[in-house]
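These are the residues of each chain, in order.
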Amino acid sequence: MISAEDAAHLDRALQLGRRGWGHVQPNPLVGCVIVKDGETVGEGYHAVFGGPHAEISALEQAKHRAEGATAYVSLEPCRHQAKTPPCTGALLGAGLRRVVFGARDPGAESGGGALVLREGGVEVLGPVWSDRVGRAENPAFFHWTRHGTPFVALKLAMSMDGRIAARAGERTRVTGADAERESHRLRSGFDAVMVGAGTVRADDPRLTPRLVSHGGAMPRRILLDAAATIPLDAAIFADRARAPVHIFVASGVAEAAIERLEEAGAHVHPVTGSEDGLDLEAVLAVCWGVGIRSILCEGGARLAASLLREERVQRLYLFVAPTTFGSEGVQAFLPDAGELDWDAFEPAGPPAMFGRDTLIVLDRQEGA
């Protein structure tokens, strides 16, 4: 058990870490608070990919006051040399007396920092939180470090009667401005945003996080277009210098069709097909190969159904609007998705309100 004081400082570290969303992926969100004699002497968080980790930033603020202090870190301090030196070495060098950390680091190389600190004579308390809590905070990091495949989240905006559009092929605004801004914020924290060709034809999205400040790398755009027939004036081709476009097509498509897309600036990846489109396992394998560790899928209904049926969705972001579209509306969960095992998902946190719309976040249980 930890004290109420320890819990409060650890919660502060958690809140600090969340400031890194959209700037540090594929690294995890991490915050750190250093406390001595009841006074906070240093705070920090991982602010940018490749930059100082949370512990280093907090130590720089604390300076000599870190000696004999306690560090509260939301994720177990790393022990490996990557773009920056191991945080365990910095903590030991600063003369900290105690380290309290929230979640265990699941990485084969980065994890195990608690043992290094204990062997160095530091009192260590942690992990305080369960792996479930750690996954809820850093789901992509927990997934790809364990499984070696991209983390896939599915975002759907739906009416209260479970429809994502008023009619098939019709562009429909489902949620309000507050939910749209949150959607753009979510995009900023993923390596890539993915849609199917039907969504591009119906909604013509740009798939970039335009409504929020964004200091990290722009997420790449992924389009699944088996026939390679997407129009070249589609909005997805905008900003391709900053946010590259990856288009997946069927392996048997004509070479001229591929050249047409490449001349427009897209990276084209032919993959094997399946009965209802492209082989999603092959698509995700290519994504992993080009360094994409997390993907936010924004539809459409067929792609969502395929991902759900094949149990490739690890997180669901469900924006529910207080409206209905009736029987002509496009179902959010098509029959093609099969019999969904909703017991396999659990809440990642309480529902949140964005204007009149409600966001429900569900995580697939580990091993489900």
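Described in the following lines is the structure provided in the data block. (Residues numbered from 1 in each chain as written. Predicted model: local features only at pLDDT ≥ 70, side-chain atom pairs only at ≥ 80, totals over all residues. Heavy atoms only, no water.)

**Points about the sheet that holds strand S4 (residues 98–103)**
Inference 1: Ordered in space as S2-S1-S3-S4-S5, the five strands form an open sheet in which the pairing is mixed. Edge positions in the sheet fall to strand S2 (39–45) and strand S5 (123–125), since each has one partner strand and no second. Each adjacent strand pair in this sheet contributes to an overall mean axis angle of 15°, direction not counted.
Inference 2: As judged from the three bridges shared by S4 and S5, these two strands associate in the parallel manner. Bridging from a neighbouring strand, Val99 pairs with Val124 of S5.
Inference 3: Across the sheet, helix H1 (residues 4–17) touches strand S1 (31–36), S2, strand S3 (70–75), S4 and S5, and the angle it forms with S1 is around 145°. (Pairing = 2+ DSSP bridges. Helix = DSSP H or I, 4+ residues; strand = E, 2+ residues; numbered from the N terminus. Axes fitted to C-alpha atoms, helices over the stretch in contact; angles between N-to-C directions. Contact = heavy atoms within 4.5 Å.)

**Here we look at the nonpolar core**
Inference 1: Counting 46 residues, the largest nonpolar core has Cys32, Ile34, Ala71, Leu91, Leu96 and Tyr317 as its most contacted members.
Inference 2: If sequence neighbours within four positions are ignored, Ala71 has contacts with Cys32, Val33, Ile34, Leu91, Leu96, Arg98, Val99 and Val100.
Inference 3: Of all hydrophobic cores here, the second largest spans 36 residues; its members include Met194, Cys297, Ala301 and Leu318. (Core = buried A, V, L, I, M, F, W, Y, C linked by side-chain atoms within 4.5 Å. Buried < 20%, exposed > 50% of the residue type's maximum accessible area, 1.4 Å probe, protein only.)

**Section: the pairing of strand S10 (residues 245–250)**
Remember that side chains alternate between the two faces of the sheet whenever the strand is regular.
Inference 1: Among the six residues that make up S10, five are buried, leaving the element largely enclosed by the rest of the structure.
Inference 2: When strand S9 (residues 220–224) meets S10, the two strands line up parallel, connected through four bridges. Paired with Leu224 across the bridge in S10 is Phe248.
Inference 3: Direction of pairing for S10 relative to strand S11 (residues 267–271): parallel, over a ladder of five bridges. Bridge pairing links Ile247 to Val268 in S11.
Inference 4: The parallel pair S10 and S11 is bridged by helix H9 (residues 255–263), and the resulting crossover is right-handed. (Right-handed = clockwise from strand over helix to strand, strands pointing away.)

**As for helix H10 (residues 280–289)**
Inference 1: For H10, the complete set of buried residues consists of Leu280, Val283, Leu284 and Cys287. Looking down the long axis of H10, one finds its buried residues gathered within 90° of arc, a one-sided arrangement. For H10, exposure combined with an orientation more than 90 degrees from the buried face picks out Glu281 and Gly289.
Inference 2: The N-cap of H10, judged by a side-chain oxygen 3.0 Å from the amide nitrogen of Glu281 a few residues on, is Asp279.
Inference 3: At the C-terminal side of H10, Gly291 shows a positive phi close to 90°. (Arc of directions from axis to C-beta. Polar contact = N/O pair within 3.5 Å; in protein donor to acceptor, adjacent residues only side chain to side chain.)

**Section: the state of the cysteines**
Inference 1: A complete count under the given rule lists zero disulfides for this structure.
Inference 2: Considering cysteine sulfurs only, Cys297 is the nearest to Cys287, which forms no disulfide, with 11 Å between them.
Inference 3: Residue classification places Cys297 among the buried residues on the basis of a relative accessible area of 0%. (Disulfide = S-S within 2.5 Å.)

**Focus: a negative patch on the surface**
Inference 1: On the surface, a cluster of negative charge is made up of Glu255, Glu259, Glu262 and Glu263.
Inference 2: By secondary structure assignment, the location of Glu255 is in helix H9. (Patch = residues over 30% accessible without salt bridge, like charges linked within 9 Å, V, L, I, M, F, W, Y side chains within 5 Å. Areas by Shrake-Rupley, 256 points an atom, 1.4 Å probe, with all protein chains shown as cover. Salt bridge = Lys/Arg side-chain N within 4 Å of Asp/Glu carboxyl O. Lys, Arg positive; Asp, Glu negative; His and termini not counted. Charge placed at Lys NZ, Arg CZ, Asp CG, Glu CD.)

**Some thoughts on the pattern of salt bridges**
Inference 1: Here the structure, examined in full by the defined rule, presents 22 salt bridges.
Inference 2: One salt bridge in this structure joins Glu123 and Arg97, with 3.6 Å as the shortest N-O distance. Of the two residues, Glu123 sits in strand S5 while Arg97 sits in the loop between helix H3 (87–93) and S4, which places them 26 residues apart along the sequence.
Inference 3: Given a relative accessible area of 44%, Arg97 falls into the partly exposed group.
Inference 4: Between Asp131 and Arg146 there is a salt bridge; the shortest N-O distance is 2.7 Å. Residue Asp131 is found in helix H5 (residues 131–137), and its partner Arg146 is found in helix H6 (residues 139–147); the two are separated by 15 residues along the sequence.

**Observations regarding the environment of His23**
Inference 1: Positionally, His23 belongs in the loop between H1 and S1.
Inference 2: It is 33 Å that separates the C-alpha atoms of His23 and Met1, two residues lying 22 residues apart in sequence.

**Thoughts on helix H2 (residues 54–62)**
Inference 1: Those residues of H2 that fall on the buried side of the exposure criterion are Ala54, Glu55, Ala58, Leu59 and Ala62. Relative to the axis of H2, the buried residues are bounded by an arc of 125° and lie together on one face.
Inference 2: Contacts made by the buried residues of H2 are with S1, S2, S3 and H3.

**A closer look at the side chain of Asp6**
Inference 1: By the secondary structure assignment, Asp6 is in helix H1.
Inference 2: Once residues within four sequence positions are removed from consideration, Asp6 is found in contact with Tyr72, Arg98 and Leu125.

**Focus on the side chain of Gln314**
Inference 1: By the secondary structure assignment, Gln314 is in the loop between helix H11 (301–309) and strand S15 (315–321).
Inference 2: Residue class for Gln314 comes out buried when judged on its relative accessible area of 17%.
Inference 3: Those residues in contact with Gln314 that lie beyond four places of it in its chain are His143, Phe151, Val152, Leu362, Asp363 and Arg364.

**Quick notes on unusual backbone geometry**
Inference 1: Residues Gly126 and Pro127 are joined by a peptide bond in cis, for which omega reads 5°.
Inference 2: Residue position: Pro127 is located in the loop between S5 and H5.
Inference 3: Following Gly299, the chain continues to Gly300 via a peptide bond in cis, the omega torsion being 5°.
Inference 4: The backbone of Asp239 sits at a positive phi, close to 60°, despite the residue not being glycine.
Inference 5: Looking at the secondary structure, you find Asp239 in the loop between S9 and S10.
Inference 6: The partly exposed category is assigned to Asp239, whose relative accessible area is 27%.

The values reported here are purely geometric and, on their own, carry no functional implication.
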